[in-house]
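Chain residues, written in single-letter form:
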Amino acid sequence: MLSTFRFVAAIMAMVAALAGGGLAAPAEAWAAGERDVTIAQGIDAEFLDVQMTNNIVTLIINTSIYDTLLTRDKQLQLVPALATSYKLVSDKVWEVKLRQGVKFHNGEPFDANAVKFSFERINRGDFKSPQKGWFAPIEAVEIVDPYTVRFHTKVPDPAMPARMTLMYQLAPKYVAQVGDAQANLKPVGTGPFKFVEWTKNDRIVVEANDAHWSGKPAVRRATWRPIPELGARIAALQTGQADLIVNVPPDQLQALAATKTVRVEKTPSCRIIYFGIAQIKGGPLADRRVRQAINHAVDVQGIIDSVLLGNGKRINSSMPPNVWGYDPSIPFYDYNPKKAKELLAAAGQTNIQLTLQAPNGRWAMDKDIAQAVAGQLTENGIKTNVKIIGEWGSYVRSVLDHKTEDIFMNGWCLPSLEPDHWVTPNLHTGEPVSQYSNPEVDKLMEQARAEMNVEKRKQLYSQLLRLIRDDAPWLFMYSQMDIYGVNNRIKWTPRGDESIRLTEIGF
Amino acid sequence: MVGYVLRRLLQSVLVLLGVSVIVFGLLHLTGDPTRLLLPLEAREEDVRQLRALLGLDDPLWVQYLRFLWRAVRGDFGVSFKHQVPALTLIRQTLPATLELTAAGLGLALVVAVPAGIVAALRRNSLLDAVCSVGVLLGQAMPVYWLGLLLILVFAVKLGWFPAAGRDGLLSLVLPAVALGAFSMARIARMARSGMLEVLAQDYVRTARAAGVSAFVVTYKYALKNAAIPLVTIVGLEFGVLLGGAVITETIFAWPGVGRLAVDAIFSRDYPLVQAIVAMLATLFVLITLVMDLVYTYLDPRIVFVRAKA
């Protein structure tokens, strides 16, 4: 009898030893104070060293800790932040006046030196920043006086103001003192919130910085939690554990509507969804009429209505309506199977067989959208098979290696909201994502991205987008609807750039 | 005894070496991680530069030897994605996983062993039937389905437990149940069949004939002998649970090493994946070793037989 007990005790001891005292986890209460909020996204921040990331979720979290030189208001218009004004001195020189009296969270003053440091840090050879490309056109930063800097660009760069919305400012002395690794674990910025704690894959906590230049934030303390599983994220909202959750798929809206304490907020996003047509592969896809036929053979609005339950907004070319340069006068392709067949006949391509690739779970209802598109193409004379590539790494590789199937699904939004960033990476000859080449389009893109006159630039984009629309390198689909679940105790409406600003939350 | 342990340790080293070769080979077959680390619009020159920085330009065998040489000194390199030493990340997340696994297994044992014994003693009774159905359900329910069901019922409807996250003991309950259910079923079945087998043995009949009380026969003689296969199962289950924690952790937003692993695999974070696999394999090998030692306590014949062989 005694030996039996000893055996059980041994097992128990082993289990306890393996648990390694983990049972004594910090039992901090989840229930927050009245002006505290918890926001649940799908993933954790990759870095709190903001210059180490280009990931949108990570940037959202970092934007509460760091300020940029310029920023965008709720209508996505450029507004001052740490820069109070900017002007062009010459085609390649921008002069920027900095806000005075701003201090980093550690007390260090913000000045021209910080701007120069932050810029040069990204370009340091041994610093693995994925942001290098964002600022590639900038040659150097010159300090004019403690609160004035000049950016010298390699070429005339009308996108400079948009780039300034991504210039996050770091504290030079602090980073030099603690090193890059520590600056990531204990971030110091000038932002409206100060860093408190980060438990990997569990939570990031920030608290209000009442000394912020924009005033005291209404939110006192915010917790960012990564909850990858959709069901658990929705449950967290319903039980009041989270006040704001992201990426609610359209088919879950009804379930949320049943909970009285929460509401749904949505807005058309800067993220566009399209099906690229691999023109560079040659064959039938090299014929513009075939690509146009593809656009006429799919009832995009019908798919938005039936698969996304209306949660999407058609795009007429390669840019979403909330990005500067969009031209609403460009017509959509009408759903016209007869015309599609005529175009195919004219091109001598009445018997083509295509394969369409799509990921699974990357964008809302992606797989279902792909299947609906392929179904309609097949129905209207373009036999199309669907190939789902569930693993994102493999999917990306097929695109970047220019080895996609004939048609590939893609989603696109860059946080700069700079028009060129919707066209050049996606459609310029030889760009990693582009499976398309058209010298005329290339030329217009290059012209537009260097045109310093605002009116002329706008015309160039209009011309470019029209040309793209007519040449049909994509099956133009829609800009995505961002859908959030929100607890009724907070006042908040979403922005069109996928960002969540804690300063825009009230009670 | 010492010789046996030493031999087992040597075997373990070989197993770990084999694991490292397989993991290294498989990972590198999945392709170049630099493309995933950089933005989609990154230029080829940026890709080349990053590849050189990460040491991915060297021949594969050079990379493997470098990995091995560092690993034996406890250095698993810096995670590509997080730019933090891989071991630091594991140290941060492993306690959560061990806590969950231990709770899941503990729960499984506490429920399953008595249930198995009772089912064996009351064979073909209603109780036995209830246990059998429970076992069937436990094994048939996929953990992600059970997990979501638990959240729906006990977090959303009843509000007894938090839906997700790691906030003290209360938050441990649902993930532990979800994780432990499968093992619970297997252990209960094993306990039942083990007991049934032992109860039918000659020595049990002899003990009964000699007038030893039913209690002593059951719990002293029968249970101890029935426990031997159970120990094997429990050891193996711990390994299974460590692996199974991947799904449970994802559903319940539990900040453990399983989620870290999934994320590392998807982002081709070689150093982190290698470190996690090495750590889990070591843990598994150690547990197996401990289990073997527990046998020697339960059945002293085991050591002598093996030591002579």
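Residues numbered from 1 in each chain as written. Chains lettered and ligands numbered in written order. Predicted model: local features only at pLDDT ≥ 70, side-chain atom pairs only at ≥ 80, totals over all residues. Heavy atoms only, no water.

Overview of unusual backbone geometry
Residue and element names in this part refer to chain A. The condition is simple: Only DSSP runs of H or I reaching four residues or more are called helices, and only runs of E reaching two or more are called strands; each is numbered from the N terminus. Here the term buried applies to any residue with accessible area under 20% of the maximum for its type, exposed to any over 50%, and partly exposed to those in between, with areas from a 1.4 Å probe on protein chains only.
A positive phi angle, close to 70°, is found at Leu76, a residue other than glycine. Inspection of the secondary structure assignment puts Leu76 in the loop between strand 2 (70-72) and strand 3 (78-80). On the basis of relative accessible area, Leu76 is assigned to the buried category, the value being 8%. Its identity is not glycine, yet His402 carries a phi of approximately 55°, on the positive side. Among the structural elements, His402 can be located in the loop between helix 12 (392-400) and strand 16 (407-412). Given a relative accessible area of 32%, His402 falls into the partly exposed group.

Focus on the side chain of Thr384 of chain A
Keep this limit in mind: Definition of a polar contact: a pair of N or O atoms within 3.5 Å, with one able to donate and the other able to accept a hydrogen when the atoms are protein atoms, and with sequence-neighbouring residues admitted only if both atoms are side-chain atoms.
Along the polypeptide, Thr384 of chain A turns up in strand 15 (residues 383-388). A distance of 2.8 Å separates the side chain of Thr384 of chain A from the backbone oxygen of Ile382 of chain A, its partner in a polar contact.

Observations concerning the interface of chain A and chain B
Quick reminder of the rule: Whether two residues touch is decided by their heavy atoms; if any such pair falls within 4.5 Å, the residues are in contact. Once two parts are joined, some of their accessible surface, as seen by a 1.4 Å probe, is lost; buried area is that loss totalled over both. Salt bridge criterion: a side-chain nitrogen from Lys or Arg within 4 Å of a carboxyl oxygen from Asp or Glu. Amino acids outside the nonpolar list (Ala, Val, Leu, Ile, Met, Phe, Trp, Tyr, Cys, Pro) and the charged list (Asp, Glu, Lys, Arg) are all regarded as polar, and Gly is one of them.
Contact with chain A, which involves 56 residues of that partner, is made by 62 residues of chain B. Taken together, the two surfaces of chain A and chain B that pack against each other cover about 5,100 Å², and 66% of this comes from carbon and sulfur. For the pair chain A and chain B, the number of links is four salt bridges. Across the pair Arg268 of chain B and Glu391 of chain A runs a salt bridge whose closest N-O atoms are separated by 3.1 Å. Here chain A is connected to chain B by eight residue pairs in polar contact (both at pLDDT 80 or more). Of all the elements, helix 1 (residues 2-19) of chain A adds the most residues to the side of chain A that touches chain B, at nine residues. Looking at side-chain class alone, the side of chain A that touches chain B contains 29 nonpolar, 13 polar and 14 charged residues.

Structural notes on empty space enclosed by the protein
All names here are of chain A. Under the convention used in this document: Here a cavity is any set of points on a 1 Å grid over the protein atoms alone where a 1.4 Å probe fits but cannot get out, and a pocket is any open set with protein on both sides within 12 Å along at least 5 of 7 lines; a residue lines the site when it has an atom within 4 Å of a point. Grid points are joined across faces, edges and corners, and a volume is the space filled by probe spheres set on the points.
The final tally for this structure, using the stated rule, is four cavities of 30 Å³ or more. Its volume calculated, the largest cavity comes out at about 70 Å³. Considering the residues around the largest cavity, the lining is formed by Gln51, Val115, Ser118, Phe119, Ile122, Gln131, Phe135, Phe151, Leu166, Met167, Tyr168 and Gln169. Considering each element in turn, the lining of the largest cavity owes the most residues, four residues, to helix 3 (residues 112-122).

What about the pairing of strand 4 (residues 83-90) of chain A?
All names here are of chain A. Basically, it comes down to this: Strands are labelled as partners when DSSP assigns at least two bridges between them.
Here six bridges tie strand 4 to strand 5 (residues 93-98), and the two strands are oriented antiparallel to one another. Its bridge partner lying in strand 5, Ala83 is registered against Leu98. Once strand 4 ends, the chain turns through two residues before running back antiparallel as strand 5.

Concerning helix 14 (residues 439-450) of chain A
All names here are of chain A. This is how it is decided: Multiplying one less than the number of residues by 1.5 Å gives the expected span of a helix. Here, the arc refers to the directions that run from the helix axis to the C-beta atoms.
The first and last C-alpha atoms of helix 14 sit 17 Å apart over twelve residues, in line with the 16 Å expected at 1.5 Å per residue. Listing the buried residues of helix 14 in full gives Val441, Asp442, Leu444, Met445 and Ala448. For helix 14, the angular spread of the buried residues around the axis is 165°, confining them to a single face. Of the residues in helix 14, the exposed ones pointing more than 90 degrees away from the buried face are Pro439, Glu440 and Lys443.

Topic: the side chain of Arg469 of chain A
Structurally, the position occupied by Arg469 of chain A is in helix 15 (residues 454-471). Discounting residues that sit within four places of it in the chain, Arg469 of chain A has contacts with Asn316, Ser317, Ile330, Pro331, Phe332, Tyr333 and Phe476 of chain A.

Observations regarding the sheet that holds strand 4 of chain A
Residue and element names in this part refer to chain A. What counts is decided by this rule: Orientation is described by lines fitted to C-alpha atoms, with helices fitted over the stretch in contact, and by angles between N-to-C directions that extend from 0 to 180 degrees.
A sheet is described by the order of its strands in space; here four strands give the open sequence 4-5-7-6, paired in antiparallel fashion. Looking along the sheet, the strands with just one partner apiece sit at the ends: strand 4 and strand 6 (138-145). Ignoring strand direction, the axes of neighbouring strands in this sheet form an average angle of 20°. As defined by bridge partners, strand 6 adjoins strand 7 (residues 148-153) across six bridges and the pair is classed as antiparallel. Note on strand 7: the bridge partner recorded for Ile138 is Thr153.

Some points on the confidence of the model for chain B
What counts is decided by this rule: pLDDT: the predictor's confidence for each residue, scored from 0 to 100.
Looking at chain B as a whole, the pLDDT averages 83, with 96% of positions reaching at least 70. When the elements of chain B are averaged for pLDDT, helix 13 (residues 301-308) of chain B gives the smallest value, 52, and helix 7 (residues 143-157) of chain B the largest, 90.

Digging into the pairing of strand 1 (residues 36-41) of chain A
Residues and elements named next belong to chain A. Burial analysis of strand 1 places six of its six residues in the buried class, the great majority of the element. Residues Asp36, Thr38 and Ala40 of strand 1 are buried on one face, and the alternating residues Val37, Ile39 and Gln41, pointing to the opposite face, are buried as well. Bridge analysis of strand 1 against strand 10 (residues 221-226) gives six bridges, and the strand direction is parallel. Looking across to strand 10, one finds that Asp36 is bridged to Arg221.

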